Amino acid sequence: MKKLTRRDAIGTIGRAAGSAAVLGTLPLGAALMRGRPLQVGEAVRVTETTGSLQIENGRVRARFTKGETGIRQEYFAHDPQGSWMIIASSFTPPEPRPANAAPLYSGQGDAQAYRILACGVLESLQVDKSSTSAKIVLSGAADETRVRQIVSLDPGQNYFHVKVEVSLPGTPPKIEYLLNAFVFEGGSKPDFTHVPAMKRADDDVIGDRIFNSPAALIQQEELLAALVPDLDLLNAEVVYAKGARPVDGPRGFRVPEDPSKMSFPAILDLDLQSGITEKPVFAFGFADYITEQHVYWRHENHSGAMRRELSSNRLRYGFDLLLRADAARFRGYQAVSRHLWERYGSKYIRQPRPRAMPLAEYAKVCFPAAFEYKGDIAADTKRYADELPYDPEKSGPLPTWLEFELDGQPVGGIRGTPAQWYYDIQYTAWWNNARDAVGMYWWGQHLDDPTLVAKARRMVNLALTAPQNHGIFPSLYRFNEKRWRGCYWKFSADYNTHWKFSDRWQPGAAPKFWDFNSDSYQTAAASLTGAHLLRYRRLCEDDTRIVPYLVRYGDFLLEHMQPDGSVPAWFTPDLQPAPALRFNSEGGVHLWFLVELYGATQDKRYLEAAGRMAGFISRETLPQQRWYDFETFYSCASKPENVFDPRTGQYPQCTASMMWAVHGLSALAKVTGDPAHLQAAEAVADYSIFYQASWQPHFVITAYAFGGFRSQNSDAEWLDMRSSTFAESLAALAELTHRQDLYERAAAAMRSAFAAISHPRHTENGIFRFPRYPVGIEPENIDHEGLPQDPLRSGFDWGEGGALAGAADLLRSLGGVFVDGEHGVAIGVDGVAVKNCKIEGRTIRLDLENQLAALPFPYDQPYQVELRVVGLADGTYELAINGGPVRRATSAELLHLPIQIAPHLV
C-alpha cells in the first residue's frame, strides 16, 4: 500500500496557513526621483515617469496613469516565463451609458449625483512618504464629494491592499452607492468565477448578509483576480443609514433591532454580461439592498429609490486585490481561501467566544434537556405539536428520547421536533441517529454515564431493524405507526425538472416533491447511516450484525453505480432510479461509506468503486464547483435542476455534498496513499471556506457566528448546524495534510455548533442574546432568511446533539490540546488556546491560555483536558506548561496526558 508523502507544515504553531512577509520600510522623507526606482526593503519599488506612477515587488505590479478622463489603474502579475500580465484595470463606464447597461451601472438622471464610482473621481496621485511601506495615494473630487484611495504593497505579497476614504457633503449626507469597480483583463469568458451567491435578476447584487468569507473571484486559464473585502474595516467603520436593510414581505422569528442602528450595507458585484463592456466587471463598496427570501439581494435602481441618509459624512472601506498569472486552472481560489483565513480566521480563533464553559459541561446540560424536550413552547404552537396522539389510549406531548422494544430487543432514538416529523426517528442525510449514537457512546464513557451508552446501543439496534430491499433500506422509523418509511421525497415518472425559475420569489411555484410518507429510498441517507454504523463498530464496540447488514447495501451500491461513477439520488420501491437529480455530487458520502466498508471487510471491490466515485467528483464537480445534492434543489430554497446564473457564471451549490466529499476523499487518500485524492480533498475544503464565517460581523447580532457554516449559495443562514459535521471532515483532512489552518477551521466549526444553545452563560457573555428555547436546547441556525432571526429547531442532531457528536469526534482524535511535534502544528480544542510551543531535544515548553477565563463573565472553575502530543521519538520528556514545574512523561503518556486548566491560566 502506497504511503502518503510527508508534506511540509503550512505555518507555525499558533499561526494560520501561510507565512508572513518580512516587511520592508519606506524611508521617511525619501525623495521620489523621476525615472529612478525607489527601493523599499529591496523588495518594493516605486517608479515615477511622466504622468504615471508604478509600484511593484517582483510578484505584482500596479500602474497609475493620468488621462483625460481621470487616472487609469492597471494591475499586473508576473508569470513563470518572466512576463508581466495585465489582470485587472479600473472601470469607468462610458458616457453616455449604453441603453442595455446593467442597472447598477446605467444612467439614472439626477440619481447619478448620489451614485459614486470611486475610480472615475480620481484625478491626482502621489507617493505617501510618511508610511513605513510603499503607498500610492490617488485623490479627486466630484462636486463637493472628495475621494481618496490608498494603494499599499508590501514585500513578498501577491496582493495590493486598497483603502478608500470618502467625504460627503450635506447635513445629513445622502448617497445611493459608493463602489470601486474593475474589469477583468484576463479574458471575456472566464473559466471560473465565484461570489457568495447567485443572482436571479439584473438588479440583484451580493449583500453583506452572506459575507461569511467573501470574495469576488475570476479566473481565465492561469490568470486570476480576486477582490477580498477588508472585514476589519467593515467592523471598524460602521455608518448608519435611515431605512437601511429593508425586507421584502413579512418575516417571523425576528430578534429586536434598534432602527437607528441599521448600518449602511456593503455589497459585492460580479457581472459577466453588464451590457457596458464585454469584459467581466467586479465591484465592492457600499449600497443598500432589499432582502428577498433566503438569499437574493435586490438593489432598486430607478431614480433615487435607494438613496440613504447617513449618520456620518465620512465613509471608509478597503479590500485586498489578489493577482496571479500562475494559478492552477480551476484551483486559483485555494490561495484566496487560505488568504482569508490567515487575515481573519487566525485572529478570531484566539478569541474566547463562542464557548462559555468546558465541553463536558455542555454534555451534562444538553443531554438531559434534549431527552425530555417536548417539542413545544408558546412561540412555536403554529408549527410544533402540543398534543399529538401516539397511543390509542393516551395523548400528550412526547419526550424527544423514545425507547421501546421491537421484535423482543431494546430499541430507541431521538425523534424529530417539527410537527410534520414529530413521530419520526430519523436516519436521514440531515438528521441521523447513527451519527448521534457514535457521539453519545463516547460521552457515556467520558462522563462515566452508562445510560448514554445504553441509549447509543438502542439507536444502533433500531437502525439494524430497517428492512432491506436488495440491500438498500429506508431512513425513517415512524413511532406512532410502528413501521419504517422510505424518505421525505417522491417524484412522479413525468416529474418536470425544468420548471420556470422566476426572477422574483414565488413560494409554491415548484412542483410537489415533499412526501412525508414516501416509499422511495434515498441513497445519501443510506450511505451516511452505513458510514456511521461502521464508525460505531470501529470506534465504540464491535457489533457483529453491522458488517453483514452493510455488505448487502455495499453490493447494492456497486450494482447500481453508473458507468461515470455516480449513484442515483433516489430509487423507487421497485429499485428504479427516480427522475430527479440523476446528475448529483453526493458521491462523497458513498465513497466514504465504501472506504469504511473496505476497512471492515478488506474487499477490494469496495475500494475500486470508491476510486471511481472519487474520479467523478474530480472530473465532473470540482472544476465548476457543481455541488448538486438533494438540499440544493429540494429543500426550502427550491429551484429547477437546470438553473445556471449567467450574470455571475455560477451553478447552484450546497455544502452538504462538500463536507461529504472532504470526508470521503480524505478517507480514500488515507487508505490508498494516492496524492490525487488528497489534493482533491484539499481543493474541496479550501472552496468550502467561502461558506464558513471567518469573522464576526457587526450586523450579525443574533449570536456569535464565527466559525459557523452556511448551507448553500441560495440560502442565508449563519451558524447552520452542519458546522459540527464539517468539523469532523476538516479534522480528518487536517490529520493527513498537517495544515494549521485546517485544524483551526475544524475547531472553529465545532465551537460554533454550540453558540446558539440556550444557556444563561451564553446570554451574559453576549454569545446568544435572544434565546427562545429552554436551557440546553438549540435552533437549527440563525438569521435563516437574511435578517436577524432566531428561527426554528429541526431536531437534536442539527442542534445540541450534533454539536456534542462533533465535539466527541474532535476530542477523540485531537484531545483537548493537540500538538504535532513532527509537523509543527498545534491547536486548543476545549476552552484553551496554544500561545506557543517549543520542542527542543527532550524538553517541551507549552504556553496555554484559558480562553474561558477571558470571557466577560468567566468560567471560574478548574477543569481537566487531555493533552495529546504526537510525532515524538520514543523516550521520556520534560514538560513545562506556562513556565510551571517540570513534569516527566514518556512519549506514550504524552499521547493521552490529563492536565488541569486553572482559572488563572491566562
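Described in the following lines is the structure provided in the data block. Everything quoted here is computed from the prediction, not taken from an experiment.

## Let's talk about the packing of helix 13 (residues 723–737) against helix 14 (residues 740–752)
Reasoning step 1: Viewed as axis vectors pointing N to C, helix 13 and helix 14 meet at an angle of 160°, and their least axial separation amounts to 8 Å. When the axis of helix 13 is compared with that of helix 14, the two are roughly antiparallel. Of the two possible hands of crossing, helix 13 and helix 14 adopt the one that is left-handed. On helix 14, the residues touching S723, S724, A727, L730, A731, L733, A734, E735 and T737 of helix 13 are L742, Y743, R745, A746, A749, M750 and S752.
Reasoning step 2: Grouping the amino acids of the contact of helix 13 with helix 14 by side-chain chemistry returns 10 nonpolar, four polar and two charged.

## A look at the environment of P98
Reasoning step 1: Within the secondary structure, P98 sits in the loop between strand 6 (84–90) and strand 7 (115–117).
Reasoning step 2: For the pair P98 and T277, spaced 179 residues apart in sequence, the C-alpha to C-alpha distance is 9.5 Å.

## Notes on empty space enclosed by the protein
Reasoning step 1: On inspection of all chains with the given rule, the structure shows seven cavities of 30 Å³ or more.
Reasoning step 2: Its boundaries defined by the atoms lining it, the largest cavity holds a volume of some 100 Å³.
Reasoning step 3: Together, 13 residues line the largest cavity, and I349, I827, G828, A833 and V834 are the ones closest to its centre.
Reasoning step 4: Of all the secondary-structure elements, those providing two or more residues to the lining of the largest cavity are helix 14, strand 36 (825–828) and strand 37 (832–840).
Reasoning step 5: Its residues assigned to classes, the lining of the largest cavity shows six nonpolar, four polar and three charged.

## A few points about the environment of D269
Reasoning step 1: Considering the arrangement of structural elements, one finds D269 in strand 18 (residues 266–271).
Reasoning step 2: On the accessibility criterion, D269 (2% relative accessible area) is buried.
Reasoning step 3: Taking the C-alpha atoms as reference points, D269 and F282, separated by 13 residues in sequence, lie 5.4 Å from one another.
Reasoning step 4: Setting aside anything within four residues of it in sequence, one finds D269 in contact with L104, Y105, K199, D204, V205, V281, F282 and A283.
Reasoning step 5: A polar side-chain atom of D269 sits 3.1 Å from a polar atom in the side chain of Y105.

## Focus: the pattern of salt bridges
Reasoning step 1: By the definition in use, this model includes 59 salt bridges.
Reasoning step 2: Among the salt bridges present, the one from E56 reaches R45, with a minimum N-O distance of 3.4 Å. With E56 in strand 3 (residues 52–56) and R45 in strand 2 (residues 44–49), this pair connects stretches of sequence that are 11 residues apart.
Reasoning step 3: With relative accessibility at 32%, the residue R45 sits in the partly exposed group.
Reasoning step 4: Among the ionic pairs, R298 bridges to E292, the shortest N-O distance being 2.2 Å.
Reasoning step 5: Through salt bridges with shared partners, a single network forms among R148, K163, E165, E237, R314 and R316.

## Looking at the environment of S585
Reasoning step 1: Positionally, S585 belongs in the loop between strand 34 (570–571) and helix 8 (587–601).
Reasoning step 2: A relative accessible area of 1% places S585 in the buried class.
Reasoning step 3: Considered as a pair, S585 and A429 are 156 residues apart in the sequence and their alpha carbons are 14 Å apart.
Reasoning step 4: With residues near it in sequence (within four places) discarded, S585 still touches T621, R626, W627, Y628 and S657.
Reasoning step 5: At 2.9 Å, the side chain of S585 forms a polar contact with the side chain of T621.

## Considerations on the packing of helix 14 against helix 16 (residues 800–814)
When two helices pack together, their arrangement is given by the angle between their axes and by how far apart the axes lie.
Reasoning step 1: Remark: helix 14 packs on helix 16, axes separated minimally by 9 Å, with the N-to-C direction vectors making an angle of 145°. Crossing angle aside, the handedness with which helix 14 passes helix 16 is left-handed. Contacts from Y743, A746, A747 and M750 in helix 14 reach G806, A807, L810 and L814 in helix 16.
Reasoning step 2: Among the residues forming the contact of helix 14 with helix 16, the class breakdown is seven nonpolar, one polar and no charged.

## Details of the sheet that holds strand 28 (residues 424–426)
Reasoning step 1: Taken in spatial order, the three strands make up an open sheet running 28-29-30, and their pairing is antiparallel. Of all the strands in the sheet, the pair left with one neighbour each is strand 28 and strand 30 (483–485). Going from strand to strand, the sheet's axes swing by 30° on average, the running direction of each strand aside.
Reasoning step 2: Relative to strand 30, strand 29 (residues 476–478) runs antiparallel, the two sharing three bridges. Looking at strand 30, one finds that Y477 is bridged to W484.

What counts as what
- Counting restarts for each chain: residues are numbered from 1 in the order of the written sequence.
- Totals for whole chains, interfaces and linings use every residue, but because this is a predicted model, local features are given only for residues with pLDDT of at least 70 and side-chain atom pairs only at 80 or more, for both listing and counting.
- As a rule here, side-chain values come from all non-hydrogen atoms in the structure, and water together with hydrogens is ignored.
- Whenever a helix is involved, its axis is fitted only over the stretch in contact; in every case the axis is a line through C-alpha atoms, and angles between N-to-C directions fall within 0 to 180 degrees.
- Note on conventions: DSSP H or I runs of at least 4 residues are helices, E runs of at least 2 residues are strands, and numbering of each starts at the N terminus.
- Comment on the angle field: the value is read as roughly parallel under 35 degrees, roughly antiparallel over 145, roughly perpendicular from 65 to 115, and oblique elsewhere.
- Each crossing gets its handedness from the near helix: less than a right angle anticlockwise from the far helix is left-handed, clockwise is right-handed.
- Whether two residues are in contact is decided by their heavy atoms: any pair within 4.5 Å suffices.
- Side-chain classes are defined by residue name, with Ala, Val, Leu, Ile, Met, Phe, Trp, Tyr, Cys and Pro counting as nonpolar, Asp, Glu, Lys and Arg as charged, and the others, Gly among them, as polar.
- A 1.4 Å probe that fits but cannot get out identifies a cavity on a 1 Å grid over protein atoms alone, an open set with protein on both sides within 12 Å along at least five of seven lines counts as a pocket, and a residue lines either if it has an atom within 4 Å of a point.
- Grid points are joined across faces, edges and corners, and a volume is the space filled by probe spheres set on the points.
- Categorising residues by exposure relies on relative accessible area from a 1.4 Å probe, with only protein chains included: less than 20% of the type maximum marks a residue as buried, more than 50% marks it as exposed, and the intermediate range marks it as partly exposed.
- In protein, a polar contact requires one atom able to donate a hydrogen and another able to accept it; more generally it is a pair of N or O atoms within 3.5 Å, and residues adjacent in sequence count only if both atoms are side-chain atoms.
- The salt bridge definition used is simple: a Lys or Arg side-chain nitrogen within 4 Å of an Asp or Glu carboxyl oxygen.
- Strand pairing is assigned whenever DSSP detects at least two bridges linking the two strands.

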